[in-house]
Amino acid sequence: EAKKDTKESYFFYNTMLHQQLMKKICIEDELQKALYKQQFVLYYQPQVDAGSGALVGVEALLRWEHPSHGILPPSGFIAVAEETGIIREIGWWVLNEACRQMKKWQETGALNVPISVNLSFNQFRDETVVKQVAHALKMSGLAPNRLNLEITESMMAEDLERSVRILNEIRALGVGVSLDDFGTGYSSLSYLKNLPINQLKIDRSFVIDIVRNHRDQAIVAAIVTLAKQLWVDVIVEGIETEEQLRAIEACRCRAIQGYYYSQPLAESDFTEKYLA
Ligand code: C2E
Ligand code: MG
Ligand code: MG
Ligand code: MG
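Residues numbered from 1 in each chain as written. Chains lettered and ligands numbered in written order. Predicted model: local features only at pLDDT ≥ 70, side-chain atom pairs only at ≥ 80, totals over all residues. Heavy atoms only, no water.

Novice: Quick question: what am I supposed to make of the overall build of the protein here?
Specialist: Counting secondary structure elements, the protein contains 11 helices and 10 strands. The C-alpha radius of gyration of the protein comes to 21 Å, within 12% of the 19 Å expected for a compact globule of 276 residues. Seen through its C-alpha atoms, the protein measures out along the principal axes to roughly 70 × 45 × 40 Å. Counting the 276 residues in the protein, one finds 46% classified as buried. Residue pairs in contact within the protein that sit at least 24 positions apart in sequence constitute 67% of those at least 6 positions apart. Of the roughly 14900 Å² of accessible surface on the protein, 53% is carried by carbon and sulfur atoms. A distance of 2 Å separates the average location of the 29 positive side-chain charges in the protein from that of its 36 negative side-chain charges. (Helix = DSSP H or I, 4+ residues; strand = E, 2+ residues; numbered from the N terminus. Rg over C-alpha atoms; globule rule 2.2 N^0.38 Å. Buried < 20%, exposed > 50% of the residue type's maximum accessible area, 1.4 Å probe, protein only. Contact = heavy atoms within 4.5 Å. Areas by Shrake-Rupley, 256 points an atom, 1.4 Å probe, with all protein chains shown as cover. Lys, Arg positive; Asp, Glu negative; His and termini not counted. Charge placed at Lys NZ, Arg CZ, Asp CG, Glu CD.)

Novice: Just to check I follow, could you spell out the coordination of the magnesium ion (ligand 2) for this structure?
Specialist: Octahedral metal centres with six donors ideally show angles of 90 or 180 degrees, and tetrahedral centres with four donors ideally show 109.5 degrees. Glu59 (OE), Asn118 (OD1), Glu150 (OE) and Asp180 (OD) make up the full set of protein donors to the magnesium ion (ligand 2), lying at 1.9 to 2.2 Å. Donor residues for the magnesium ion (ligand 2) sit on one chain with the sequence pattern E-x58-N-x31-E-x29-D. A spacing of 4.2 Å is found between the magnesium ion (ligand 2) and the magnesium ion (ligand 3), which share aspartate 180 as a donor. Separated by 121 residues along the polypeptide, glutamate 59 in strand β2 (residues 55-66) and aspartate 180 in strand β6 (residues 176-182) bring together distant segments of the chain. Of the two residues, glutamate 59 and aspartate 180, neither departs from the other in class, the shared state being buried. (Donors = N, O, S within 2.8 Å, 3.2 Å for Na, K, Ca; no water.)

Novice: Help me out: how do you make sense of the nonpolar core in this one?
Specialist: In globular proteins that are soluble, nonpolar side chains generally tend to be buried together. Core analysis: the largest hydrophobic core is formed by 74 residues, its most contacted members being Leu147 and Leu200. In terms of residues, this core owes the most to one element, helix α3 (residues 87-109), which gives nine residues. Not counting chain neighbours up to four residues away, the residues in contact with leucine 147 comprise Leu95, Cys99, Pro114, Ile115, Val117, Val133, Leu137, Leu142, Val175 and Gly176. (Core = buried A, V, L, I, M, F, W, Y, C linked by side-chain atoms within 4.5 Å.)

Novice: Can you walk me through the packing of aromatic side chains in this structure?
Specialist: Two measures describe an aromatic ring pair: the distance that separates the ring centres and the angle between the ring planes. Across all of its chains, the model carries eight aromatic pairs by this definition. Taken together, a centroid distance of 4.8 Å and an interplanar angle of 75° make the contact between tyrosine 44 and tryptophan 105 edge-to-face. Here tryptophan 105 lies in helix α3 and tyrosine 44 lies in strand β1 (residues 40-49), a separation of 61 residues in the sequence. Ring-pair connections join several aromatic residues into one group, and the members of that group are Tyr44, Trp105, Phe270 and Tyr274. Positioned above the aromatic ring of phenylalanine 124 is the side chain of arginine 162, whose terminal nitrogen or guanidinium carbon lies 5.7 Å from the ring centre. (Phe/Tyr/Trp six-rings, centres within 6.5 Å; stacked < 30°, edge-to-face > 60°. Lys NZ or Arg CZ within 6 Å of the ring centre and 35° of its normal.)

Novice: Explain the pattern of salt bridges to me, please; I cannot follow it from the model alone.
Specialist: Note on pairing: side chains with opposite charge can pair once their charged atoms come close. For the coordinates displayed, the defined rule picks out 15 salt bridges. Across the pair aspartate 49 and arginine 254 runs a salt bridge, and its minimum N-O distance is 2.9 Å. Of this pair, aspartate 49 sits in strand β1 while arginine 254 sits in the loop between α10 (242-250) and β9 (255-257), and the two are 205 residues apart along the sequence. We note a salt bridge from arginine 125 to glutamate 158, for which the minimum N-O separation is 3.3 Å. Note that arginine 125 is positioned in helix α4 (residues 121-125) and glutamate 158 in the loop between α6 (153-156) and α7 (160-172), a separation of 33 residues in sequence. (Salt bridge = Lys/Arg side-chain N within 4 Å of Asp/Glu carboxyl O.)

Novice: Can you walk me through the side chain of arginine 146 in this structure?
Specialist: Examined against the element boundaries, arginine 146 turns out to sit in the loop between α5 (129-140) and β5 (147-152). Lacking a salt bridge, the buried arginine 146 has aspartate 233 as its closest oppositely charged neighbour, with an N-O distance of 9.8 Å. Every residue in contact with arginine 146, bar those within four places of it in the chain, is listed here: Gln106, Asn112, Val113, Pro114 and Ile115.

Novice: Where do I start with the site of ligand 1 in this structure?
Specialist: Near ligand 1 you find 22 residues, and of these Arg63, Asn118, Asp180, Glu240 and Tyr259 are the closest. The side chain of glutamine 45 places a nitrogen or oxygen atom 3.1 Å from a nitrogen atom of ligand 1. Contact between ligand 1 and glutamate 237: an oxygen atom at 3.3 Å from a side-chain N or O atom of the residue. For ligand 1, whose accessible area on its own is 800 Å², the fraction buried by protein is 81%. Taking a 2 Å distance to the grid points as the criterion, the majority of the atoms of ligand 1 fall inside the largest pocket. (Near = heavy atom within 4 Å. Polar contact = N/O pair within 3.5 Å; in protein donor to acceptor, adjacent residues only side chain to side chain. 1 Å grid on protein atoms, 1.4 Å probe; cavity = no way out; pocket = protein on both sides within 12 Å on 5 of 7 lines; lining within 4 Å. Sits in = over half its atoms within 2 Å of the grid points.)

Novice: It is not clear to me how the layout of surface pockets should be interpreted in this structure. Could you clarify?
Specialist: Any empty space left between the atoms is revealed when a probe the size of a water molecule rolls over them. Volume-wise, the largest pocket comes out at about 900 Å³. Those elements giving two or more residues to the lining of the largest pocket turn out to be β2, α2 (78-84), α3, α4, β5 and β6. Among the elements that make up the lining of the largest pocket, the one with the highest residue count is β2 (five residues). Roughly 370 Å³ of internal volume is contained in the second largest pocket. Taken together, 17 residues line the second largest pocket, and the ones lying closest to its centre are Gln199, Asp233, Val234, Ile235 and Ala255. Broken down by element, the residue count for the lining of the second largest pocket peaks at three residues, all from strand β8 (residues 233-237). Residue composition of the lining of the second largest pocket, by class: eight nonpolar, five polar and four charged. (Points joined across faces, edges and corners; volume = space filled by probe spheres on them. Nonpolar A, V, L, I, M, F, W, Y, C, P; charged D, E, K, R; others polar.)

Distances and angles like these do not, on their own, reveal function.
Shown next as structure tokens:
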């Protein structure tokens, strides 16, 4: 009797795994086609100085213009893209496209702020990562100090020594490095000590309750002070309301990114708003 159970559950799991695998292969195949059919697009979210309202940067965010499902955010496909490794191809496309677009905005509209590009784990692990960055700069003609690469703490964990070396090589090109989602990883302070970064992005999770939660206020204020002492720029992500903005300003943070100012915008909308 017990044996039969085991057999059945084995069969059940096997079927589940098979279905999951098929689904994954399907999505992988779709992603490959999407790349080939040029269905990926970048959206651009402004980063703003809270005091003056001036644009201080732009983050490029990936979207999939799916022929039947519409505009898909990365949450639905980035994980599979990472697992299958196809994120590398997509990611190098993102890097080149973001550099090309920023160079164009500089030339046609005198927009003179850096563009931030998210790197994936698999891209960072890629032995050619530094070459890819140099290549994107060369192809686009974008000045290195107009490019910022966003990495996360979890990407650094696998091999800290290599991570520091790669980041130093990227910085040596003149490119900036931002630590994204700061505060959500495991050893924020040791990374802060060891990594050659020039910007910290305080994660949205510290902002959501900041108006009422004194702990969030204290943490954000402390991170801002720490960043200043380390000569690292700091930006807060995910400001949605005026009250959150006030609370962030009280923490002496000026640079912000969030729906309060703007959602990520399609290229044409960004052009209309910031270059017209
Ligand atoms: P992220 O790099 O932390 O990007 C910020 C995310 O927060 C974006 O979501 C943005 O639309 C969203 N956001 C900005 N302001 C607000 C706000 O006020 N409220 C709320 N609720 N959300 C806000 P998005 O575009 O869906 O991207 C999600 C994540 O996907 C990104 O988080 C990043 O980790 C990843 N991602 C996006 N584009 C790329 C890419 O080109 N390559 C790689 N590897 N990852 C990417
Ligand atoms: Mg980011
Ligand atoms: Mg983030
Ligand atoms: Mg993130």
